[in-house]
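A look at the structure
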Amino acid sequence: MSIEKLTPAPAPQCGVYAPYYPQASKKQILPFAISLYQRGNLEGQRNIEGGESIPFIATWNVSNLPADLCRCRIQFDGNADLSYEVMLANFEFVDFLIDVIFTYRRSRVSDFSQAFYRRLLRLDEQQTAA
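Rules used in this analysis
- Residues numbered from 1 in each chain as written.
- Predicted model: local features only at pLDDT ≥ 70, side-chain atom pairs only at ≥ 80, totals over all residues.
- Heavy atoms only, no water.
- Helix = DSSP H or I, 4+ residues; strand = E, 2+ residues; numbered from the N terminus.
- Rg over C-alpha atoms; globule rule 2.2 N^0.38 Å.
- Core = buried A, V, L, I, M, F, W, Y, C linked by side-chain atoms within 4.5 Å.
- Buried < 20%, exposed > 50% of the residue type's maximum accessible area, 1.4 Å probe, protein only.
- Contact = heavy atoms within 4.5 Å.
- Pairing = 2+ DSSP bridges.
- Expected span 1.5 Å × (residues − 1).
- Salt bridge = Lys/Arg side-chain N within 4 Å of Asp/Glu carboxyl O.

Topic: the overall build of the protein chain
- Secondary structure assignment for the protein chain yields five helices and four strands.
- Each helix (α) and strand (β) of the protein chain, taken in turn from the N terminus, gives the series α-α-β-β-β-β-α-α-α.
- What you see for the protein chain is a C-alpha radius of gyration of 15 Å, in line with the 14 Å of a compact globule of 130 residues.
- Across its three principal axes, the protein chain shows a C-alpha extent of roughly 40 × 35 × 25 Å.

Given below as structure tokens:
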């Protein structure tokens, strides 16, 4: 199922997440992001500037509480050597899924944000440690 065919999650499921997203634009997308989150996976393409896009499959565990930890795994190009994993609070991960939906609506490509990839690859931690 593509992002295009997402149906919004029911209001009660979104209500517990709503306080984490004060921006009106994010609240409008939240029901779709919760629906995507509940699927537990996403197939997409990482756009590489000046090169070919790299397909990926992202999978994650699903929980109903925003503060629970989410473990997200991404495998690029069907290659086990190109697998990465990140753990973050559900509300943080849903925020990244909101960005995925914004990106999809703009470009018709399912991809995570630069901020997500920095977190996935722990680039922010490396800069802080240096």
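Here's the deal with the nonpolar core
- Ranked by size, the top nonpolar core spans 34 residues in total, and within it Leu42, Trp60, Ile74, Phe93, Leu97, Phe112 and Phe116 carry the most contacts.
- Of all the secondary-structure elements, those providing two or more residues to this core are helix H2 (24-39), strand S2 (54-60), strand S3 (69-76), strand S4 (83-89), helix H3 (90-107) and helix H4 (114-120).
- Among the elements that line this core, the one with the most residues is H3, at eight residues.
- Ile74 has contacts with Phe56, Ile57, Ala58, Leu82, Ser83, Tyr84, Phe112, Phe116 and Leu120, leaving out every residue within four places of it along the chain.

Digging into the pairing of S4
- Judged from the seven bridges that link them, S3 and S4 form a sheet pairing that is antiparallel. Bridge assignment links Cys70 to a residue of S4, and that residue is Leu88.
- Here S3 hands over to S4 after six residues, with Asp77 in that stretch at a positive phi of 55°.

Quick notes on H3
- Its 18 residues place the ends of H3 25 Å apart at the C-alpha level, agreeing with the 26 Å of an ideal helix rising 1.5 Å per residue.
- Those residues of H3 that fall on the buried side of the exposure criterion are Asn90, Phe93, Val94, Phe96, Leu97, Ile98, Val100, Ile101, Thr103 and Tyr104.
- Against H2, strand S1 (41-46), S2, S3, S4 and H4 lie the buried residues of H3.

Comments concerning the pattern of salt bridges
- For the structure on display, the rule yields five salt bridges.
- As a salt-bridge pair, Arg46 and Asp111 come within 2.7 Å of each other at their nearest N and O atoms. Remark: Asp111 occurs in the loop between H3 and H4 and Arg46 occurs in strand S1; sequence separation between them is 65 residues. In this structure, Arg46 and Asp111 share a single accessibility class: buried.
- Here Arg73 and Glu85 are joined by a salt bridge, their closest N and O atoms 2.7 Å apart. Highlighted residues: Arg73 in strand S3 and Glu85 in strand S4, separated in sequence by twelve residues.

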